[in-house]
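So you can see what is in the structure, the chains are spelled out below.
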Amino acid sequence: MGEETEISAKRENQDAKDENTDSGVKYYTREEVQAHNTSKDTWLIIHDKVYDITGFMEEHPGGEEVLLEQAGADATESFEDVGHSTDAREMLQQYYIGELHMDDRKKESKKVVDHLVNSHRNCCTRGHHVSLLHVGAQSLLNSCKHPH
Ligand code: HEM
């Protein structure tokens, strides 16, 4: 499908895994994520993306405990509150398993995306024809050189 091809094009430097590009993108509901809330099976939502961090629990420099508190839930706020480094953000990619279902996203993030679609129409998105809703506000902000 055209839209899916566009998504994979924009994801080239983000979280694309060979086997998990366009048609392989999985969507999870909050309920599904919530089921993975133990130290042996730990999923997290950060910025509307779903991560299986089971293998990372013991390696986390901030300790296993804080991750367990967020297990199965949306850890965006606590992740950002800590002020994680760029390295930490890049580490996220290896645990990426899919996207939070559109219906389960907070209205806020939809609003941010709408705003970005409008305000960036003539700068960084020109010529890309990306489906911005799927790309996500944060990655657009990261790649954009436009003053915000
Ligand atoms: C999979 C998601 C996460 C990854 C990949 C990750 C990675 C890291 C890394 C690499 C560090 C070392 C410092 C840095 O480079 O920023 C760190 C520190 C830390 N993280 Fe995370 N983290 C994750 C999620 C979380 C969450 C959800 C919380 C809070 C609930 C958290 C709390 C902390 C704390 C408290 C520290 C210690 C900061 C310090 O001692 O200065 N992390 N994390």
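These numbers come from a predicted model, not from an experiment.

What counts and how
Residues numbered from 1 in each chain as written. Predicted model: local features only at pLDDT ≥ 70, side-chain atom pairs only at ≥ 80, totals over all residues. Heavy atoms only, no water. Salt bridge = Lys/Arg side-chain N within 4 Å of Asp/Glu carboxyl O. Helix = DSSP H or I, 4+ residues; strand = E, 2+ residues; numbered from the N terminus. Buried < 20%, exposed > 50% of the residue type's maximum accessible area, 1.4 Å probe, protein only. Near = heavy atom within 4 Å. Polar contact = N/O pair within 3.5 Å; in protein donor to acceptor, adjacent residues only side chain to side chain. 1 Å grid on protein atoms, 1.4 Å probe; cavity = no way out; pocket = protein on both sides within 12 Å on 5 of 7 lines; lining within 4 Å. Sits in = over half its atoms within 2 Å of the grid points. Points joined across faces, edges and corners; volume = space filled by probe spheres on them. Nonpolar A, V, L, I, M, F, W, Y, C, P; charged D, E, K, R; others polar. Pairing = 2+ DSSP bridges. Core = buried A, V, L, I, M, F, W, Y, C linked by side-chain atoms within 4.5 Å. Contact = heavy atoms within 4.5 Å. pLDDT = per-residue confidence, 0-100.

Draft legend 1. Up close: the pattern of salt bridges. Considering all chains together, one arrives at 5 salt bridges under this definition. We note a salt bridge from Asp74 to Arg30, for which the minimum N-O separation is 3.3 Å. Taken as a pair, Asp74 in the loop between α3 (64-70) and α4 (76-82) and Arg30 in helix α2 (residues 30-34) lie far apart in primary sequence, 44 residues in all. In this structure Asp74 comes out as partly exposed when scored by relative accessible area, which is 22%. For Lys49, the salt bridge goes to Glu99, with nearest N and O atoms at 3.1 Å. Remark: Glu99 occurs in strand β5 (residues 96-100) and Lys49 occurs in strand β4 (residues 49-52); sequence separation between them is 50 residues. Among the residues examined, Glu99 registers a relative accessible area of 2% and is labelled buried. Three or more residues are tied together by salt bridges with common partners; here these are Asp48, Lys49, Glu99 and Arg105.

Draft legend 2. Spatial organisation of the site of the ligand. In the region of the ligand, 17 residues are neighbours, and Ile53, His60, Gly62, His84 and Ser85 sit closest. One of the side-chain N or O atoms of His60 is found 2.8 Å from a nitrogen atom in the ligand. Ser85 is positioned such that a nitrogen or oxygen atom in its side chain is 2.5 Å from an oxygen atom of the ligand. Comparing atom positions with the cavity grids shows the ligand to sit within the second largest pocket.

Draft legend 3. Geometry of the layout of surface pockets. A volume near 410 Å³ is recorded for the second largest pocket. Along the walls of the second largest pocket sit 20 residues, with Phe56, His60, Leu67, Phe79 and His84 positioned nearest its centre. Counting only elements with at least two residues in the lining of the second largest pocket, the list comes to β3 (41-46), α3, α4 and α5 (86-92). Among the elements that make up the lining of the second largest pocket, the one with the highest residue count is α3 (4 residues). Classifying every residue of the lining of the second largest pocket gives 14 nonpolar, 5 polar and 1 charged.

Draft legend 4. Representation of the sheet that holds β5. Pairing within the open sheet is mixed, and its 5 strands lie in the order β1-β5-β4-β3-β2. Bordering the open sheet on either side are β1 (27-28) and β2 (37-38), each of which pairs with just one other strand. Both β1 and β5 contribute to a ladder of 2 bridges, which runs parallel. Across the sheet, the residue bridging to Tyr28 is Leu100, located in β5.

Draft legend 5. Up close: the nonpolar core. Residues Leu44, Ile46, Tyr51, Ile53 and Leu67 are the most contacted members of the largest nonpolar core, which totals 13 residues. Leaving out residues up to four positions away in the same chain, Leu67 has contacts with Leu44, Ile53, Phe56, Met57 and His60. Tyr28, Val33, Trp43 and Leu100 belong to the second largest nonpolar core, which has 6 residues in total.

Draft legend 6. Seen up close, the confidence of the model for the protein. Confidence in the prediction of the protein, expressed as mean pLDDT, is 78, and 57% of residues score 70 or more. Below a pLDDT of 50 lies the segment residues 7-21, which in the model reaches 28 contacts outside its immediate sequence neighbourhood of four places, other chains included. Taken as a whole, residues 127-136 scores under 50 in pLDDT and shows 23 contacts with residues more than four places along the chain or in a different chain. Across the interfaces of the predicted complex, the ipTM metric reaches 0.93, alongside a pTM of 0.69.

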